[in-house]
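# Remarks on the overall topology
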Amino acid sequence: MRLIMAQIYNVPTTKTFSEETPIPELGVETPQPEELRVELNPISGERPLTAITYRIFQERDLIRTFSIEPHKLLSYLFALEDSYQQVPYHNKLHRADVCQSMHVLLNSSGIKDVFNEFEILAAIFAAVVHDVHHPGLTNPFLIKTKSDLAILYNNESVLENHHIAVAFKLLQADERNIFSNLSAEQMETLRRRVVDMVLATDMAKHKTLLADFQNLLEAKKMSGNDYLTLESYDDRILVLKNMIHCADLSNMTKPLDTYSKWIDRLMVEFWKQGDAERDLGLDISPMCVRSPTTKDKHQIGFINSFVHPLWETWGSLVYPDANTILETLAQNREWHEASLAALT
Ligand code: CMP
Ligand code: MG
Ligand code: ZN
């Protein structure tokens, strides 16, 4: 297995920290520490993922709780940050954004005290690694071009399996093994949660994931509970899977100036895939067609089919926390509708 992975993924040569290396207070060296506490880029020296994750680990006291050695955490985060391909959307900034969103969602009312420290560690870790070493191409593209990754993972959640494999491969080096003080049993428990969460970010799982979530919430309502009680592993992980899915699909719920930057990055990535499909003589995926109306049409369809139903369900769980998010999402969709009307 190691041999196959070595062909698929090479660990980058990146700075590693040792016990002797001084650890910057905020994880990264910055001349503006006060600003970095509130603002991220470019003050983090192009290391948004390290800066945000280190801060969240500190704020949630995960470093002390799980006896994580700070130099190993920084070595791991640097390697993770350097394990990216030059892609416009699925890069370290997106992972930093999803990590930050997950951190916020974990604090939602109604569920704030539901998850234990171990589940929180797994949730934050899953968010940080969830798209690591993304090639900027979709699963259907990798499958139809019979890529090495699709062959390795038998066409099943190809990218998501790859992200998980890279994340755990980077942990194999002792100097990056942030979980070295966990017992084997704890490690297995953590690993199971991380794998389940990252696999849940495959859009092909969306329908089942959301239907199961809706059934769970309905059942909880029917049993007359005012607050969420989740006893079984399946119920707990189902909420965490939907939470990371929400965090992954949160760019459309952000104010327009932020959201429009994410779409522009995603469209450049999609158009590049469309060019590759054209060059290979394949049908161009609808969202990858270079046409003036593609962006608005795709966003409206994506919001209506996936994002709104997901966030509406999440909103019913954490009511009223997601009300502003749902309003922003509706405004963003209206903005696309107006833009499309002006074009047609
Ligand atoms: P990924 O981040 O791997 O998982 C969620 C997917 O949803 C993401 O890849 C994109 O393919 C898709 N996605 C995320 N945001 C948008 C968006 N604004 N418009 C269209 N598709 C999106
Ligand atoms: Mg993904
Ligand atoms: Zn993602």
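Residues numbered from 1 in each chain as written. Chains lettered and ligands numbered in written order. Predicted model: local features only at pLDDT ≥ 70, side-chain atom pairs only at ≥ 80, totals over all residues. Heavy atoms only, no water.

## Overview of the overall build of the chain
Stated formally: Numbered from the N terminus, helices here are DSSP runs of H or I no shorter than four residues, and strands are runs of E no shorter than two. The size measure is the radius of gyration over C-alpha atoms, and the globule rule it meets is 2.2 Å times the number of residues to the 0.38 power. Burial classes follow relative accessibility: with a 1.4 Å probe on protein chains only, a residue under 20% of its type's maximum area counts as buried, one over 50% as exposed, and anything between as partly exposed. Note on contacts: a residue pair is in contact if any heavy atoms of the two residues lie within 4.5 Å. Surface accessibility follows the Shrake-Rupley procedure with a 1.4 Å probe radius. Residue values consider only the protein chains on display as shielding. Positive charge is attributed to Lys and Arg, negative charge to Asp and Glu, and no charge count is given to His or to the chain ends. Here the site of a charge means atom NZ of a Lys, CZ of an Arg, CG of an Asp or CD of a Glu.
Across its full length, the chain carries 16 helices and zero strands. Compactness check: the chain gives a C-alpha radius of gyration of 20 Å against a globular reference of 20 Å for 344 residues, within 12% of the reference. Taken along the three principal axes of its C-alpha coordinates, the chain extends 65 × 55 × 45 Å. Of all 344 residues assigned to the chain, the portion counted as buried reaches 52%. Counting only contacts in the chain whose residues sit at least 6 apart along the sequence, the fraction spanning at least 24 positions is 76%. Of the roughly 16100 Å² of accessible surface on the chain, a fraction of 52% belongs to carbon and sulfur atoms. Each charge class in the chain was averaged separately, 33 positive and 47 negative side chains, and the resulting centres sit 3 Å apart.

## Points about the layout of surface pockets
In plain terms, the rule: Cavities and pockets are defined on a 1 Å grid built over the protein atoms alone: a cavity is a set of grid points where a 1.4 Å probe fits but cannot escape, while a pocket is an open set with protein on both sides within 12 Å along at least five of seven lines, and lining residues are those with an atom within 4 Å of any such point. Grid points are joined across faces, edges and corners, and a volume is the space filled by probe spheres set on the points. Residues are sorted three ways: Asp, Glu, Lys and Arg are charged, Ala, Val, Leu, Ile, Met, Phe, Trp, Tyr, Cys and Pro are nonpolar, and all the rest, Gly among them, are polar.
The computed volume of the largest pocket comes to approximately 780 Å³. Along the walls of the largest pocket sit 36 residues, with His90, Thr138, Met203, Phe270 and Phe302 positioned nearest its centre. Elements that contribute at least two residues to the lining of the largest pocket include exactly helix H8 (139–144), helix H10 (158–170), helix H14 (256–279) and helix H15 (294–317). The element best represented in the lining of the largest pocket is H14, accounting for six residues. Considered class by class, the residues forming the lining of the largest pocket number 16 nonpolar, 14 polar and six charged.

## Here's the deal with the site of ligand 1
To keep things clear, this is the line we draw: Residues are labelled near a given molecule or strand when at least one of their non-hydrogen atoms is within 4 Å of it. Distance and chemistry together define a polar contact, namely a pair of N or O atoms within 3.5 Å, with one atom able to donate a hydrogen and the other to accept it when in protein, and with adjacent residues in sequence counting only for side-chain atoms on both sides. Being in a pocket or cavity means that more than half of the molecule's atoms lie within 2 Å of its grid points.
As a structural note, the neighbourhood of ligand 1 is formed by 14 residues, with His90, Asp248, Asn251, Met252 and Gln299 the closest of them. Within the contact set of ligand 1, an oxygen atom lies 2.8 Å away from a side-chain nitrogen or oxygen of histidine 90. A distance of 3.0 Å is found between an oxygen atom of ligand 1 and a side-chain nitrogen or oxygen belonging to aspartate 248. Most atoms of ligand 1, that is more than half of them, are within 2 Å of grid points of the largest pocket.

## So, the packing of aromatic side chains
Formally: Note on ring pairs: Phe, Tyr and Trp rings are taken, using the six-membered ring of Trp, and paired if centres are within 6.5 Å. Classes follow the plane angle, with under 30 degrees stacked, over 60 edge-to-face and the rest tilted. Only Lys NZ and Arg CZ are tested; either one counts as a charge over a ring when it is within 6 Å of the ring centre and within 35 degrees of the ring normal.
What the rule picks out here adds up to eight aromatic pairs. Ring plane angle 85 degrees and centroid distance 5.1 Å describe the contact between phenylalanine 17 and phenylalanine 78, whose orientation is recorded as edge-to-face. Of this pair, phenylalanine 17 sits in the loop between helix H1 (2–8) and helix H2 (33–38) while phenylalanine 78 sits in helix H5 (residues 70–82), and the two are 61 residues apart along the sequence. Centroid distance tyrosine 76 to phenylalanine 125: 5.8 Å. Interplanar angle 25 degrees. Geometry classified as stacked. Of the two residues, tyrosine 76 sits in helix H5 while phenylalanine 125 sits in helix H7 (residues 117–129), which places them 49 residues apart along the sequence. What makes tyrosine 76 buried here is its relative accessible area of 1%. These aromatic residues form a ring-pair network of at least three members: Tyr76, Phe125, Phe168 and Phe179. Its guanidinium or amino end placed over the ring of phenylalanine 168, arginine 191 lies 4.4 Å from that ring's centre, counting from NZ or CZ.

## Some points on the coordination of the zinc ion (ligand 3)
By definition of the ideal shapes, four donors in a tetrahedron about a metal sit 109.5 degrees apart, and six donors in an octahedron sit 90 or 180 degrees apart. To be explicit about the condition: Coordinating donors are taken as N, O and S atoms within 2.8 Å of the metal, stretched to 3.2 Å for Na, K and Ca; because water is absent from the atoms, sites can appear incomplete.
Looking at the zinc ion (ligand 3), one finds its protein donor set to be His94 (NE2), His130 (NE2), Asp131 (OD) and Asp248 (OD), positioned 2.1 to 2.2 Å from the metal centre. Considered as a linear motif, the donors of the zinc ion (ligand 3) on their single chain read H-x35-H-D-x116-D.

## Description of unusual backbone geometry
Omega for the peptide link from tyrosine 319 to proline 320 comes to 5 degrees, which places this bond in the cis form. Positionally, proline 320 belongs in the loop between H15 and helix H16 (323–343). With a phi angle near 40 degrees, serine 157 is a residue other than glycine that sits in the positive phi range. Structurally, serine 157 is set in the loop between helix H9 (148–152) and H10. For serine 157, a relative accessible area of 7% translates into the label buried.

## A word on helix H11 (residues 184–199)
Just so we agree on the cut-off: What a helix should span is 1.5 Å times the count of its residues minus one. Within this analysis, the arc is defined by the directions that extend from the helix axis to the C-beta atoms.
The first and last C-alpha atoms of H11 sit 22 Å apart over 16 residues, in line with the 22 Å expected at 1.5 Å per residue. For H11, the set of buried residues is Met187, Leu190, Arg193, Val194, Met197 and Val198. An end-on view of H11 places all buried positions within 135 degrees of arc, on one side of the element. Turned more than 90 degrees off the buried face of H11, the exposed positions are Ala184 and Glu185. Where H11 is buried, its residues contact helix H6 (92–105), H7, H10 and helix H13 (233–248).

## Here's the deal with H10
If you check H10, its first and last C-alpha atoms are 19 Å apart, about what 13 residues at 1.5 Å a residue would give, namely 18 Å. Here H10 lies mainly inside the structure; twelve of its 13 residues are buried. Buried within H10 we find Val158, Leu159, Glu160, His162, His163, Ile164, Ala165, Val166, Ala167, Phe168, Lys169 and Leu170.

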